[in-house]
Amino acid sequence: MTQPAATADCSTALVDRFGRVVRSLRLSVTDRCNLRCVYCMPEGPIRWFPKSRILSFEELARLASILAGLGVRELRLTGGEPLLRRDLPTLAGMLAGIDGIEELAVTTNGLLLEDLAAPLVEAGVQRFNIHLDALTAGAFRAASRRDGLDRVLAGIAAVEQLGATPIKLNAVIVRGINEDAVLPLAELALRHNYHVRFIELMPLGGGEPFEVEKLVPGREIRARIESFHRLTPIGRERPSSPATVFRIDGGAGNIGFINPVTEPFCGDCDRIRLTADGKVRTCLFARAETDLAEPLRGGAPDGAIADLLRAAVAGKEAGGCLELQRFYDDRLPRKMWQIGG
Ligand code: SAM
Ligand code: SF4
């Protein structure tokens, strides 16, 4: 179980009923995206949040600052595709300057990264988690329903050149779509200091109902890699980190498995999420959410917002929400792109 951060004021820290302390915020800055990954978004027309509902930079920075005062130390900008948010480097600069924030990272599909990596790093972004599901144009298109592999690879190279390393590469393997990408993706960690992360497919997509047959368990992915390369466990990056990490023999980087479905890690979760329209969610699978947009826009003082945050965290479930859904439930009120992965 995660211990309170040394720097957090424990009288005000965000602690849930099970003693878990919130240190990390996934901040969604838009629900829009320039890909349509099969496991995340529907193919057809999507009703985006109206612009007026999306939190402004000032609102986002205010919430981040309140959260920093409550012990949050790590911010990860996400979406939808965060790089579609106009002037993202300006927001990054505002967030990086908040007292108490020690780490600012961006989770991106990489399509716009070649041009935006430098201004984002200049603004204070330290790390990038780049989504890469395939290394051939055909499999990339099958997974994301769009073209763009070359642009993603150019984005990764741009980040590498800037020295914003280690670069995390996130891959979701879907049976029948991009299973052949497992080995080539893993082997990227041979030549580069990339941290390749395989994330199990979760029932959070839009469009079609979740088909459990499409889930490739992390242990199966690992076995595929191990039939070619020796993997040596090196543990977790830190107790709250969802990935179990392995060194790949002769490799510059490492390989990790995030198995929320077959090996849930709720007991060590230190995260909360803020959606682009200002709702706090204590779990990807939570059904409840706490609206902060209305109080924020209605003139509520910081203390009142902090109370709402404390109450939301106090109500965080122990875990197992994913298991309870038993993979059949496609009626989730929000899908992945509307939450912020
Ligand atoms: N657009 C950015 C990206 O793709 O990295 C940020 C948002 S995306 C929702 C964040 C992460 O969630 C990505 O790594 C993506 O692969 C992952 N993701 C989305 N839907 C998922 C699902 N149903 N199961 C597992 N991971 C998923
Ligand atoms: Fe867009 Fe990221 Fe969802 Fe893919 S996973 S559709 S890139 S938000």
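For the structure, check the block above.
This one's a predicted model, so the numbers in the text were calculated from it and none came from an experiment.

About the criteria used
Residues numbered from 1 in each chain as written. Chains lettered and ligands numbered in written order. Predicted model: local features only at pLDDT ≥ 70, side-chain atom pairs only at ≥ 80, totals over all residues. Heavy atoms only, no water. Pairing = 2+ DSSP bridges. Helix = DSSP H or I, 4+ residues; strand = E, 2+ residues; numbered from the N terminus. Axes fitted to C-alpha atoms, helices over the stretch in contact; angles between N-to-C directions. Parallel < 35°, antiparallel > 145°, perpendicular 65-115°, else oblique. Left-handed = near helix turned anticlockwise from the far one by under 90°. Contact = heavy atoms within 4.5 Å. Buried < 20%, exposed > 50% of the residue type's maximum accessible area, 1.4 Å probe, protein only. Arc of directions from axis to C-beta. Near = heavy atom within 4 Å. Nonpolar A, V, L, I, M, F, W, Y, C, P; charged D, E, K, R; others polar. Polar contact = N/O pair within 3.5 Å; in protein donor to acceptor, adjacent residues only side chain to side chain. Salt bridge = Lys/Arg side-chain N within 4 Å of Asp/Glu carboxyl O.

**Student:** Could you give an account of the sheet that holds strand E2 (residues 74-78), with specific residues and numbers?
**Tutor:** Reading across the sheet, the twelve strands line up as E7-E8-E9-E6-E5-E4-E3-E2-E1-E10-E11-E12 and stay open at both edges, with mixed pairing between neighbours. If you trace the sheet from one side to the other, it starts and ends with strand E7 (231-235) and strand E12 (290-291), each paired once. Two elements, E7 and strand E8 (residues 244-248), share four bridges in a ladder whose sense is antiparallel. The residue bridging Pro-233 from the neighbouring strand is Phe-246, located in E8.

**Student:** Please provide a residue-by-residue account of the packing of helix H3 (residues 113-123) against helix H5 (residues 149-162), values included.
**Tutor:** The N-to-C vectors of H3 and H5 enclose an angle of 25°; their axes lie 8 Å apart at closest approach. The angle between the axes of H3 and H5 places the two elements in the roughly parallel class. Seen along the crossing, H3 lies across H5 with a hand that is right-handed. Contacts between H3 and H5 involve Leu-113, Glu-114, Ala-117, Ala-118 and Val-121 from the first element and Ala-154, Gly-155, Ala-158, Val-159 and Leu-162 from the second.

**Student:** Report on helix H2 (residues 88-96), specifying residues and quantitative values.
**Tutor:** Along H2, the positions that sit buried rather than exposed are Leu-88, Pro-89, Leu-91, Ala-92 and Leu-95. Projected onto a plane normal to the axis of H2, the buried residues spread over an arc of 155° and lie on a single side. Where H2 is buried, its residues meet strand E1 (24-28), helix H1 (57-69), E2, strand E3 (103-108) and H3.

**Student:** Go over the site of ligand 2, please, and point to the residues and values.
**Tutor:** Taken together, the neighbourhood of ligand 2 is formed by Cys-33, Leu-35, Cys-37, Cys-40, Met-41, Gly-80, Asn-109 and His-131. Its residues placed into classes, the shell around ligand 2 shows five nonpolar, three polar and no charged.

**Student:** Describe the site of ligand 1, listing the residues and the values that go with them.
**Tutor:** In the vicinity of ligand 1 there are 19 residues, among which Tyr-39, Gly-80, Glu-81, His-131 and Met-202 approach most closely. Glu-81 is positioned such that a nitrogen or oxygen atom in its side chain is 3.2 Å from a nitrogen atom of ligand 1. At 2.8 Å, a backbone N or O of Met-202 approaches a nitrogen atom of ligand 1. Of all the secondary structure elements, the ones that give two or more residues to the shell around ligand 1 are E3 and strand E5 (167-172).

**Student:** Help me get a handle on the pattern of salt bridges, residues and values and all.
**Tutor:** For the structure shown, the criterion picks out 18 salt bridges. We note a salt bridge from Asp-249 to Arg-230, for which the minimum N-O separation is 3.3 Å. Note that Asp-249 is positioned in the loop between E8 and strand E9 (254-258) and Arg-230 in the loop between helix H7 (218-226) and E7, a separation of 19 residues in sequence. The exposure class of Asp-249 is partly exposed, given its relative accessible area of 32%. The salt bridge involving Arg-310 is made with Asp-307; its shortest N-O contact spans 3.0 Å. Placement of the pair is Arg-310 and Asp-307 together in helix H9 (residues 302-314), with a separation of three residues, close to one helical turn. Among the residues examined, Asp-307 registers a relative accessible area of 45% and is labelled partly exposed. Each of Arg-175, Glu-179, Glu-220 and Arg-224 takes part in one network of salt bridges that share partners.

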